[in-house]
Amino acid sequence: MSTIAPVLTTATVISTGAPQRKKATTTTFRQKKAHGEPITMLTAYDYPTALAEDQAGIDSILVGDSLGMVVLGYQNTLPVTMQDMIHHCKAVARGAKFALLIGDMPFMSYQASTEEAVRNAGRFLQEGGMDAVKLEGGRERLEAVRAIVGAGIPVMGHLGLTPQSVNQLGGFRPQGKTAPAAKRLFEDALLLEEAGCFSIVLESVPARLAGLISKKLSVPTIGIGAGVGCDGQVLVTHDLLGLFDRFTPKFVRKYADFHGEMQRAFGEYIQDVQMKRFPADEHSVEMDDKEWDALQKEMD
Ligand code: KIV
């Protein structure tokens with residue numbers, strides 16, 4: 001049993017007797033790593049999901065560009081725009097009070113020029129209500145990371161399987177499996193830390209490599225398909241809930257079957273309407289007999 005007091009978002013200013021939860025910040029991330037406490041993160045794209053995650057005690061919510069696949073139905077994340085992201089960030093920000101909110105910079109919002117990268121990152125905070133941004137890539141992104149951090153905006157890096165490079169990677173496949181590829185990934189992680197990232201997502205990389213990177217970095221790593229040696233974990237919520245019907249990556253643990261449950265509920269509703277079992281009396285509005293009589297007289 002650990003004798004170290006928990007850091008927390010989830011807890012613990014005891015002044016009036018009732019534990020009060022504090023808003024998570026990038027400092028919370030750092031403290032959690034220092035205490036060896038796993039950081040929890042999930043994606044959300046709308047108000048009710050953000051509210052439920054926040055109330056459940058999640059440390060951080062990522063408005064991921066996975067939005068394009070799991071909500072908007074695209075084949076990959078490339079068509080997602082700044083407008084899409086800001087729209088969904090606003091909804092999430094209205095639902096979550098305590099989690100650290102991270103907006104995912106979509107394809108071509110930070111690659112073309114450093115100036116555009118800074119402006120777009122700023123929009124996530126100014127318009128979207130986010131606390132930080134995430135962007136994909138290693139050594140080729142250092143200038144953008146430095147400039148965004150220089151503007152006072154916390155940046156989360158993302159290495160390994162970077163979905164915006166799906167065409168370059170030849171598909172959604174694990175990365176860093178050979179020694180040279182692993183070395184490059186390791187170096188990229190160090191470079192991103194030096195450039196000022198407060199945390200780095202490691203997606204679909206060997207667990208041993210992710211563990212090694214997590215030990216070497218002073219900033220926390222957040223793994224997705226990267227083993228238990230990372231400082232925190234993230235999943236796409238629609239995968240966790242079983243809400244995404246197309247495929248489930250190997251690294252997902254499904255905690256529910258919401259797609260099946262939705263189908264069941266919709267099917268029941270359709271049958272109830274068809275059989276006139278819905279609406280029942282308790283779902284209907286009535287008027288006073290006196291008013292009804294008056295109406296009928298009026299109509300005669
Ligand atoms: O877009 C997203 O949801 C992500 C996570 C998979 C980390 O980038």
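Calculation rules
Residues numbered from 1 in each chain as written. Predicted model: local features only at pLDDT ≥ 70, side-chain atom pairs only at ≥ 80, totals over all residues. Heavy atoms only, no water. Pairing = 2+ DSSP bridges. Helix = DSSP H or I, 4+ residues; strand = E, 2+ residues; numbered from the N terminus. Axes fitted to C-alpha atoms, helices over the stretch in contact; angles between N-to-C directions. Salt bridge = Lys/Arg side-chain N within 4 Å of Asp/Glu carboxyl O. Buried < 20%, exposed > 50% of the residue type's maximum accessible area, 1.4 Å probe, protein only. Arc of directions from axis to C-beta. Contact = heavy atoms within 4.5 Å. Patch = residues over 30% accessible without salt bridge, like charges linked within 9 Å, V, L, I, M, F, W, Y side chains within 5 Å. Areas by Shrake-Rupley, 256 points an atom, 1.4 Å probe, with all protein chains shown as cover. Lys, Arg positive; Asp, Glu negative; His and termini not counted. Charge placed at Lys NZ, Arg CZ, Asp CG, Glu CD. Near = heavy atom within 4 Å. Polar contact = N/O pair within 3.5 Å; in protein donor to acceptor, adjacent residues only side chain to side chain. Nonpolar A, V, L, I, M, F, W, Y, C, P; charged D, E, K, R; others polar. Right-handed = clockwise from strand over helix to strand, strands pointing away. Domains from an automatic or database assignment. Core = buried A, V, L, I, M, F, W, Y, C linked by side-chain atoms within 4.5 Å.

Moving on, we come to the sheet that holds strand β10 (residues 232–235). Through backbone hydrogen bonds, the strands of a sheet pair up, either in parallel or in antiparallel fashion. Pairing in this closed barrel of 8 strands is parallel, and the strands run β3-β4-β5-β6-β7-β8-β9-β10 around the ring. Taken over all neighbouring pairs, the strand axes of this sheet differ in orientation by 25° on average, direction set aside. In this structure, strand β8 (residues 199–203) lies alongside strand β9 (residues 221–224), joined through 4 bridges in parallel fashion. The residue of β9 that forms the bridge with L202 is G223.

To continue, consider the pattern of salt bridges. Applying the stated rule across the entire model yields 14 salt bridges. A salt bridge links R119 to E115; its shortest N-O distance comes to 3.8 Å. A residue pair is termed a helical-turn pair when its members lie 3 or 4 positions apart in one helix, as R119 and E115 do in helix α5 (residues 114–126) at 4 residues. Neither residue differs from the other here; R119 and E115 are each classed as exposed. A network of salt bridges, in which partner residues are shared, links R139, K183, E187 and D188.

Turning our eyes to something else, we now look at helix α2 (residues 47–56). Buried residues of α2: T49, A50, E53 and D54, and no others. Along the axis of α2, the buried residues cluster in a sector spanning 130°; they form a single face. Facing away from the buried side of α2 by more than 90 degrees, the exposed set consists of P48, Q55 and A56. As for α2, its buried residues are in contact with β3 (39–43), β4 (60–63), α4 (82–95) and α10 (237–240). Two residues or fewer after α2 comes G57, characterised by a positive phi angle close to 100°.

With that settled, the discussion passes to a negative patch on the surface. A cluster of acidic side chains, namely D281, E282, E286, D288, D289, E291 and D293, defines a negative patch on the protein surface. The residue D293 is located in helix α12 (residues 289–299) in this model.

Our next topic: the site of the ligand. All residues in the neighbourhood of the ligand are listed as T43, L62, G64, D65, S66, D104, K134, H158, V201, E203, I224 and V236. Contact distances for the ligand include 2.5 Å between an oxygen atom and a side-chain N or O atom of S66. For the ligand, whose free accessible area comes to 260 Å², the fraction covered by protein is 96%. Its residues assigned to classes, the shell around the ligand comprises 4 nonpolar, 4 polar and 4 charged.

Here we come to the pairing of β4. Taking every second residue as pointing to the same face, both faces of β4 are buried, with S60 and L62 on one and I61 and V63 on the other. Here 3 bridges tie β3 to β4, and the two strands are oriented parallel to one another. Across the sheet, M41 pairs through a bridge with S60, a residue of β4.

Turning to the pairing of β9, a few remarks are in order. Of the two faces of β9, the one holding T221 and G223 and the one holding I222 and I224 are both buried throughout. Considered for its hand, the β-α-β crossover made up of β8, helix α9 (residues 207–216) and β9 is right-handed. One ladder, built from 2 bridges, connects β9 with β10; its direction is parallel. Residue G223 lies in a different strand from β10, and its bridge partner there is Q233.

Along its sequence, the protein is carved into domain 1 (11–256) and domain 2 (262–299). Each of domain 1 and domain 2 has a C-alpha centre, and these two points are 47 Å apart.

This next bit is on unusual backbone geometry. Omega for the peptide link from F278 to P279 comes to 0°, which places this bond in the cis form. Structurally, P279 can be placed in the loop between α11 (258–274) and α12. The phi torsion at M108 lies on the positive side, around 70°, for a residue other than glycine. Mapped onto the elements, M108 comes out in the loop between β5 (100–104) and α5.

Moving on to the environment of E193. Tracing the sequence through the fold places E193 in helix α8 (residues 179–195). With 46 residues separating them along the chain, E193 and A147 place their C-alpha atoms 14 Å apart. Not counting chain neighbours up to four residues away, the residues in contact with E193 comprise I200, L217, S218 and V219.

It is worth spelling out the nonpolar core at this point. One finds I61, F124, I148 and L202 to be the most contacted residues of the largest nonpolar core, which totals 56 residues. With 6 residues, the single largest contributor to this core is α8. With sequence-adjacent residues up to four places away left out, I61 is seen in contact with L42, T43, A44, A50, E53, V92, A96, A99, L100, L101 and I102. Listed in part, the 14 residues of the second largest apolar core include I39, L62, L100 and F198.

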